[in-house]
Amino acid sequence: MKTEGLKSLAQKRLASRLIVFGLCLRCADGGFCAIQRDQEGSPAEPTLSSNLEFFSPAAVVCTQDSNTVFIACATTKQVIRYDLTHGLIERSMSVPTSPSGLTLSADARRLYVSCAAPESSLCVLDASSGKIVASVPAGHTAMSPVLSKDEKTVFLCERFNDAIDFVDIKSKKRTARVQVEREPVAAALTPDGRYLFVANLIHAGRSDKGVVAASVTVIDVAERKVVKQIPLTNGSTLLHGLCISPDGRYVAVAHTLARFHLPTTHVTLGWMNDNVISLIDVGELKLLNTVLLDDLEQGAANPWGIGWTSDGKLICVTHAGTHELSVVDADALLEKLARLPLRLEGARDTRFLAAAQTKADVPNDLRFLQGLRRRIKLPGNGPRALALTGHTAIVGCFFSDSLVIVDADRTNSPAVVMPLHATGDLPGTRRGEMYFNDGTLCYQGWQSCASCHSEDGRVDGMNWDLQNDGIGNPKNVKSLLLSFQTPPVMSMGVRADAATAIRAGIRYILFADLPQKYAAGMDEYVKSLKPIASPLLVHGRLSADAKRGKRLFFDAAVGCANCHKPPLFTDLKPHEVGTGKFDESSDQFYTPTLIELWRTAPYLHDGSAATVREAMTIHNRQNRRGQTSNLTAEQIDDLATYVLSL
């Protein structure tokens, strides 16, 4: 079925009202439900899944004939084969753990699925029968499989191993591992097969510097080595999507742009977070520019999936926070960027919100895409996954469990919704997770809670100057894991508990006045967060190095356990630790939990230690945080290995 046929099908479905997606009257506050209607348009009774499972589409891939789409269902351990022609699930394929990414062989006979877990796997499925024909062990939280041009190798992002694995399909073995910067979550191969570009979710390094930005890693496939780390514009973080133009000349990356150097006094005009595309010149392996996806008075929170149409004409971006699809005229964008000079020869226009006059102005120009981009509101919640067939976009909506089909060519073309299953009222944790990721709750849609705490309540690695303890004292974002169990919260304990902090965040970070149910839902979600096993564990157990480090940790002469008491590894008390350089009133900081410490770099309240080892050595010469100055280098390594294994 060609793209034209898919468009025709979409139009017919709208005309006959075969499928309608809307607000369910059964759902408190209008939760999303799938409602099937018959040929005459009469509503059928929505049905609840008996076990209240949610599909949560995390990745989609479409066959070349546009007849079939495969959907990775993150929360049900299955991959769905979906018939676009008739709008029905043809087959459900079970996989061992949460499917996080998909790629399809050229003949559509083999489907490669990354199955994420602390001990992940790459599953090879017969795309017709759904049977697993091969399974290859993989690292911690495998994501975004990419098939080589000769289809002999799969490149696999190992998110929490900070690595890309080369998996040989024939031998079913890993043949190489290439270390990248931090948390690779998306990758794409140039058309000639020479370079693999990798999006690193957040930055690696200190956060107390003037320039803090995540990077894109470039791997030479033949050499099996990193040839370039391309840092993006200052403040770049949460790099969720990456794609390459069909001619291989450009890479486009969808991400957030944190204005971390400003106090969080308001959210308008992208004062706290902007939402952007960064473009990379493949020939020169350097950043071309960063373009804002927001408008003057309407943010475009949480860009996620990104794709370039096969003819190179359009770039499509999903906005997981504002439930939209941006469609950008790629040629016009590149031409406009090329026309801008590096520097001005005449006088600068100093008017507020003046249009970009040089290339350096572009990341601050909220009008740059005017006339070059369309924002399409989608009838669903949490659009993340994106597949393109011709100029038709197929979007997987994570929280509303649906596919949305959009004709990216046509202005005002209505979207067609294909519900994956009918759902009833959402339970508290699921609803709270949806609120946590919902940028429409924020004033003008600039950001969501996930814009600083990531989609799973952890960190963006940035320092932020919040208003809760005065202005001029930025502090590193803390993970929300165990925040309800470790009051008070914030580095200096300025909020009595996590519930208070959530409500303050809604008011002073989202700049919103919301009914109590939103905060209550977020409470339930944050309470539900569970630690993830450390990548330093060996089959779930401490390594020999970590066991030696554990003995040091509990050694009274070292004293780590005096403040970091099990089981939460905190005494819930404030201590003077000698790091309060911006906090004039006090140097008292509450002991943080060490559980899942391996995910929360950089360290110390100001993010001045890039690694735990630095925190124990160059930042602890006076032994204010344990007696570590007399330990040998080997002992420091062992101690660091233990705390990073918690």
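The structure reproduced in this document is the subject of the present report. (Residues numbered from 1 in each chain as written. Predicted model: local features only at pLDDT ≥ 70, side-chain atom pairs only at ≥ 80, totals over all residues. Heavy atoms only, no water.)

**Some points on the packing of aromatic side chains**
In step 1: Under the definition given, this model contains 10 aromatic pairs.
In step 2: Ring geometry for Phe-436 against Tyr-525: centres 5.3 Å apart, planes inclined by 55°, an arrangement best described as tilted. Linking Phe-436 in helix α3 (residues 428–436) with Tyr-525 in helix α6 (residues 516–528), this pair joins segments that are 89 residues apart in sequence. The burial state of Phe-436 is the same as that of Tyr-525; both residues are buried.
In step 3: Site record: aromatic cluster; members linked through ring pairs are Phe-553, Phe-554, Phe-569 and Tyr-642.
In step 4: Positioned above the aromatic ring of Trp-304, the side-chain terminus of Arg-384 is 4.3 Å from the ring centre.
In step 5: The ring centre of Phe-398 lies 4.1 Å from the NZ or CZ of Arg-384, which sits over that ring. (Phe/Tyr/Trp six-rings, centres within 6.5 Å; stacked < 30°, edge-to-face > 60°. Helix = DSSP H or I, 4+ residues; strand = E, 2+ residues; numbered from the N terminus. Buried < 20%, exposed > 50% of the residue type's maximum accessible area, 1.4 Å probe, protein only. Lys NZ or Arg CZ within 6 Å of the ring centre and 35° of its normal.)

**Examining the side chain of Asp-460**
In step 1: Checked against the element boundaries, Asp-460 lands in the loop between α4 (450–453) and β31 (463–464).
In step 2: In this structure the side chain of Asp-460 is engaged in a polar contact, spanning 3.1 Å, whose partner is the side chain of Trp-464.
In step 3: Setting aside chain neighbours within four positions, we find Asp-460 in contact with Ile-202, His-203, Thr-237, Ser-451, Cys-452 and Val-477. (Polar contact = N/O pair within 3.5 Å; in protein donor to acceptor, adjacent residues only side chain to side chain. Contact = heavy atoms within 4.5 Å.)

**Looking at the sheet that holds strand β18 (residues 225–231)**
In step 1: Across the sheet, which stays open at both edges, the 4 strands sit in the order β15-β16-β17-β18 with antiparallel pairing between neighbours. Each end of this open sheet is capped by a strand with a single partner; those strands are β15 (184–189) and β18. Ignoring strand direction, the axes of neighbouring strands in this sheet form an average angle of 25°.
In step 2: Of the strand pairs in this sheet, β15 and strand β16 (residues 195–200) are connected by 5 bridges, and their pairing is antiparallel. Within β16, the residue paired with Ala-187 across the bridge is Val-198. (Pairing = 2+ DSSP bridges. Axes fitted to C-alpha atoms, helices over the stretch in contact; angles between N-to-C directions.)

**What to know about the nonpolar core**
In step 1: Membership of the largest hydrophobic core comes to 84 residues, with the highest contact counts inside it found for Ile-164, Leu-196, Phe-553 and Val-643.
In step 2: Among residues more than four places away in sequence, those in contact with Leu-196 are Val-146, Phe-155, Ile-164, Ala-187, Ala-188, Leu-189, Thr-217, Val-218, Ile-219 and Val-221.
In step 3: In terms of nonpolar packing, the next biggest core, distinct from the first, is built from 25 residues, Ala-252, Val-291, Ile-306 and Leu-340 among them. (Core = buried A, V, L, I, M, F, W, Y, C linked by side-chain atoms within 4.5 Å.)

**What to know about the sheet that holds strand β28 (residues 392–397)**
In step 1: Strand order in the open sheet made by the 4 strands is β27-β28-β29-β30, with antiparallel pairing throughout. On the outer flanks of this sheet lie β27 (383–389) and β30 (416–419), each paired with one strand and no other. For this sheet, the mean angle separating the axes of adjacent strands, direction not counted, is 20°.
In step 2: With 6 bridges joining them, β28 and strand β29 (residues 402–407) adopt antiparallel strand pairing. Looking across to β29, one finds that Gly-396 is bridged to Leu-403.

**A word on the side chain of Asn-476**
In step 1: Structurally, Asn-476 can be placed in strand β32 (residues 475–476).
In step 2: Side-chain polar atoms of Asn-476 contact the side chain of Asn-463, separated by 2.9 Å.
In step 3: Ignoring any residue separated from it by four or fewer positions in sequence, one finds Asn-476 in contact with Ser-207, Gly-461, Met-462, Asn-463, Thr-600, Pro-602, Leu-604, His-605 and Gly-607.

**A short note on the pattern of salt bridges**
In step 1: Within this structure, the stated rule accounts for 23 salt bridges.
In step 2: Its salt-bridge partner being Asp-208, residue Arg-206 comes within 2.8 Å of it at the nearest N-O pair.
In step 3: Residue Arg-206 is classed as partly exposed on the basis of its relative accessible area, which comes to 36%.
In step 4: A salt bridge links Arg-259 to Asp-274; the nearest nitrogen and oxygen atoms lie 2.8 Å apart. Here Asp-274 lies in strand β21 (residues 273–281) and Arg-259 lies in the loop between β20 (250–258) and β21, a separation of 15 residues in the sequence. Judged on exposure class, the residue Arg-259 and its partner Asp-274 are both buried.
In step 5: Each of Asp-295, Glu-324, Arg-373 and Arg-375 takes part in a single network of salt bridges with overlapping partners. (Salt bridge = Lys/Arg side-chain N within 4 Å of Asp/Glu carboxyl O.)

**Quick word on the packing of α3 against α6**
In step 1: Two elements in contact, α3 and α6, have axes separated by 7 Å at closest approach and are oriented at 105°. Here α3 is positioned roughly perpendicular relative to α6, judged by the angle of their axes. Contact with α3, carried on its side by Gly-428, Thr-429, Gly-432, Glu-433, Tyr-435 and Phe-436, involves Lys-517, Tyr-518, Gly-521, Met-522, Glu-524, Tyr-525 and Ser-528 of α6 and no other residues of that element.
In step 2: Partitioning the contact of α3 with α6 into residue classes produces 5 nonpolar, 5 polar and 3 charged. (Parallel < 35°, antiparallel > 145°, perpendicular 65-115°, else oblique. Nonpolar A, V, L, I, M, F, W, Y, C, P; charged D, E, K, R; others polar.)

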